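Architecture at a glance
Single-letter residue listing:
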Amino acid sequence: MEISLDATLEKIERGYAQLVRLYRSVPVTTLIEPILANGWSVKDTLAHIAAWEWRCASLLNESHQTDLPLKASPDVEALNRESYYERQEWSWSEVEEDFRQAHEALLAAIKELPPPRLSAAIVQRTIAEETWEHYAEHLPDLERWHKQADRR
């Protein structure tokens, strides 16, 4: 089945826009409070998502002609810990900029894929896992947080 570039990008952008919508109208002091269910802040969550988008962009850039980079099974918990500690001291503005840049880099990497590669099942699975499926993992917690932030 041929997967269209436009359909892939639209699905990613829809999920990304949901994340942005949740944090845009909230004061920065609320974004940096560690009050999510996992003990993270919104800032931590966006930094986490950005780290995985950077990783995905890198893998896609390396996989124009081979599936090998996409077949690697990372230690997810170790990568999550590493990216958390690396970005924990970053300011909100640094995290927000990194979040935006990671997203742009990921979209650019997807657009650079040759059409047959974009249609490959492993490429589509990687993109889905690192974008809209990953966003969906964090959205319920972020939506609960947003409702609480609105009540303040």
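Residues numbered from 1 in each chain as written. Predicted model: local features only at pLDDT ≥ 70, side-chain atom pairs only at ≥ 80, totals over all residues. Heavy atoms only, no water.

This part is about helix α8 (residues 121-130). In terms of residue burial, α8 counts as a mostly covered element, since seven of its 10 residues are buried. Here α8 has its buried residues at I122, V123, Q124, T126, I127, A128 and E130. Contact partners of the buried residues in α8: α1 (5-24), α3 (42-62), α4 (68-71), α6 (92-112), α7 (115-119) and α9 (132-151). (Buried < 20%, exposed > 50% of the residue type's maximum accessible area, 1.4 Å probe, protein only. Helix = DSSP H or I, 4+ residues; strand = E, 2+ residues; numbered from the N terminus. Contact = heavy atoms within 4.5 Å.)

Moving on, we get to the packing of α3 against α9. How two helices pack is summed up by the angle between their axes together with the distance between the axes. Where α3 contacts α9, the two axes come as close as 11 Å, and the packing angle between them is 170°. Accordingly, the angle class assigned to the pair α3 and α9 is roughly antiparallel. Between α3 and α9, the residues in contact are V42, T45, H48, I49, W52 and E53 and H134, Y135, H138, L142 and W145, respectively. Of the residues contributing to the contact of α3 with α9, the split by class is six nonpolar, four polar and one charged. (Axes fitted to C-alpha atoms, helices over the stretch in contact; angles between N-to-C directions. Parallel < 35°, antiparallel > 145°, perpendicular 65-115°, else oblique. Nonpolar A, V, L, I, M, F, W, Y, C, P; charged D, E, K, R; others polar.)

Right, let's get into the packing of α3 against helix α5 (residues 76-87). The geometry of α3 relative to α5 is characterised by a closest axis approach of 9 Å and an angle of 120° between their N-to-C directions. Here α5 runs oblique to α3, going by the angle between their axes. Note that α3 runs across α5; the crossing there is right-handed. Contacts from K43, D44, A47, H48, A51, W52, W54 and R55 of α3 reach α5 at V76, L79, N80, S83, Y84 and R87. When grouped by side-chain class, the residues that make up the contact of α3 with α5 number seven nonpolar, three polar and four charged. (Left-handed = near helix turned anticlockwise from the far one by under 90°.)

Once that is clear, we can look at the pattern of salt bridges. What the rule picks out here adds up to eight salt bridges. The salt bridge involving R14 is made with E10; its shortest N-O contact spans 2.9 Å. Of the two residues, R14 and E10 are both situated in helix α1; the distance of four residues between them amounts to about one turn of the helix. In this structure, R24 and E96 form a salt bridge, with 3.9 Å as the shortest nitrogen-oxygen distance. Taken together, the residues R24 in helix α1 and E96 in helix α6 connect sequence positions 72 residues apart. If you follow the salt bridges from partner to partner, you end up with E86, R87 and D98 in one network. (Salt bridge = Lys/Arg side-chain N within 4 Å of Asp/Glu carboxyl O.)

Another aspect to go through is the environment of L70. Structurally, the position occupied by L70 is in helix α4. What makes L70 buried here is its relative accessible area of 10%.

Core analysis: the biggest nonpolar cluster contains 41 residues, and Y23, L60, F99, I110, V123 and I127 have the highest contact counts within it. Here this core gets nine residues from one element, more than from any other, and that element is α3. With sequence-adjacent residues up to four places away left out, L60 is seen in contact with L70, L106, A109, I110, L113, V123 and I127. (Core = buried A, V, L, I, M, F, W, Y, C linked by side-chain atoms within 4.5 Å.)

Turning our attention to α9. With 20 residues, α9 should cover 28 Å at 1.5 Å per step; its first-to-last C-alpha distance of 28 Å lies within 8% of that length. Along α9, the sharpest kink reaches roughly 40°, centred on L139 and followed within four residues by the proline P140. The inward-facing, buried residues of α9 contact α1, α2 (28-31), α3, α6 and α8. (Expected span 1.5 Å × (residues − 1). Bend = angle between axes of the 7 residues up to and from the residue.)

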